[in-house]
Amino acid sequence: QVQLVESGGGLVQAGGSLRLSCAASGRTFSSYAMGWFRQAPGKEREFVAGISWSVTYADSVKGRFTISRDNAKNTVYLQMNSLKPEDTADYYCAGRNGAVVSTAAHNYNIWGQGTQVTVSS
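Cut-offs used in this document
Residues numbered from 1 in each chain as written. Predicted model: local features only at pLDDT ≥ 70, side-chain atom pairs only at ≥ 80, totals over all residues. Heavy atoms only, no water. Phe/Tyr/Trp six-rings, centres within 6.5 Å; stacked < 30°, edge-to-face > 60°. Helix = DSSP H or I, 4+ residues; strand = E, 2+ residues; numbered from the N terminus. Buried < 20%, exposed > 50% of the residue type's maximum accessible area, 1.4 Å probe, protein only. Disulfide = S-S within 2.5 Å. Lys, Arg positive; Asp, Glu negative; His and termini not counted. Salt bridge = Lys/Arg side-chain N within 4 Å of Asp/Glu carboxyl O. Polar contact = N/O pair within 3.5 Å; in protein donor to acceptor, adjacent residues only side chain to side chain. Contact = heavy atoms within 4.5 Å. Pairing = 2+ DSSP bridges. Axes fitted to C-alpha atoms, helices over the stretch in contact; angles between N-to-C directions.

Take the packing of aromatic side chains next. Applying the stated criterion across every chain, the model contains 5 aromatic pairs. With centroids separated by 5.2 Å and ring planes inclined at 55°, the aromatic side chains of F37 and W111 adopt a geometry described as tilted. On the criterion of sequence distance, the pair formed by F37 in strand β4 (residues 32–39) and W111 in strand β10 (residues 110–111) is long-range, its members being 74 residues apart. On the accessibility criterion, F37 (0% relative accessible area) is buried. Measuring from centroid to centroid gives 6.5 Å for Y92 and W111, while their planes differ by 75°, and the two rings are edge-to-face. You can see Y92 sitting in strand β9 (residues 89–97) and its partner W111 sitting in strand β10, a full 19 residues away along the chain. Under the relative-accessibility criterion, W111 is labelled partly exposed at 27%. By way of ring pairs, the aromatic residues F37, F47, Y92, Y108 and W111 are connected into one cluster.

What follows is the structure, encoded as C-alpha cells:
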C-alpha cells in the first residue's frame, strides 16, 4: 500500500511561488495516477492537477501551476507560480491505482494529510 506525505506549504504574498512535494512510500508508486486537490474553508475539495502518462489541470490554475513526478524518487511535485489569494487552501496529494487521471476526489483511494497554503494580498 502506498502512503503519501506532503510538504512545502506556507505563507506567500500574491504573485509569489511555492513548490509542494508529495513523497510516496511503496514499490508500486509508478503504477499510480497522482493528483493534487485543494480545499478552502467552507468549500468542497476540488481538483487542481493530475499526472499519469499525461497531465491535466483545472482551468483555474492552467498556465500558473505545473505538476510533475519523479518515479525514481517516488515523488510528485506541484510548482505553483503567480499565486493568488484565492489559491489559499489545504492542498492534498492523492493516488489511484491505474494510468487514468480522474478529476473526482472519490476516485482516489490514497490520500496524504495535506499541507496548508496561504496567499496574502
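That covers the picture; the talk isn't over yet.
For the rest of this paragraph, the subject is the state of the cysteines. Applying the stated criterion across every chain, the model contains 1 disulfide. Residue C22 pairs covalently with C93 via a disulfide, S to S 2.1 Å. An S-S torsion of about -80° defines the bridge between C22 and C93 as left-handed. Residue C22 is located in strand β3 (residues 18–25), and its partner C93 is located in strand β9; the two are separated by 71 residues in the primary sequence.

So, on to the side chain of E6. Mapped onto the elements of the fold, E6 is located in strand β1 (residues 3–7). The buried charged residue E6 lacks any salt bridge, with R45 as its nearest oppositely charged partner at 7.5 Å. Only 2.7 Å separates the side chain of E6 from the backbone nitrogen of C93, close enough to count as a polar contact. There is a polar contact of 2.9 Å between the side chain of E6 and the backbone nitrogen of Q113. Residue contacts for E6: discarding those within four places in its chain leaves S21, C22, W36, Y91, Y92, C93, G112, Q113, G114 and T115.

Turning our attention to the sheet that holds β1. Taken in spatial order, the 4 strands of this open sheet run β1-β3-β8-β7, and their pairing is antiparallel. Single-partner strands in this sheet number two, and they are β1 and β7 (65–70). Averaged over all pairs of adjacent strands, the angle between strand axes in this sheet comes to 15°, irrespective of strand direction. Note: β7 against strand β8 (residues 75–80), 6 bridges, orientation antiparallel. Following the sheet pairing, F65 is matched in β8 by M80.

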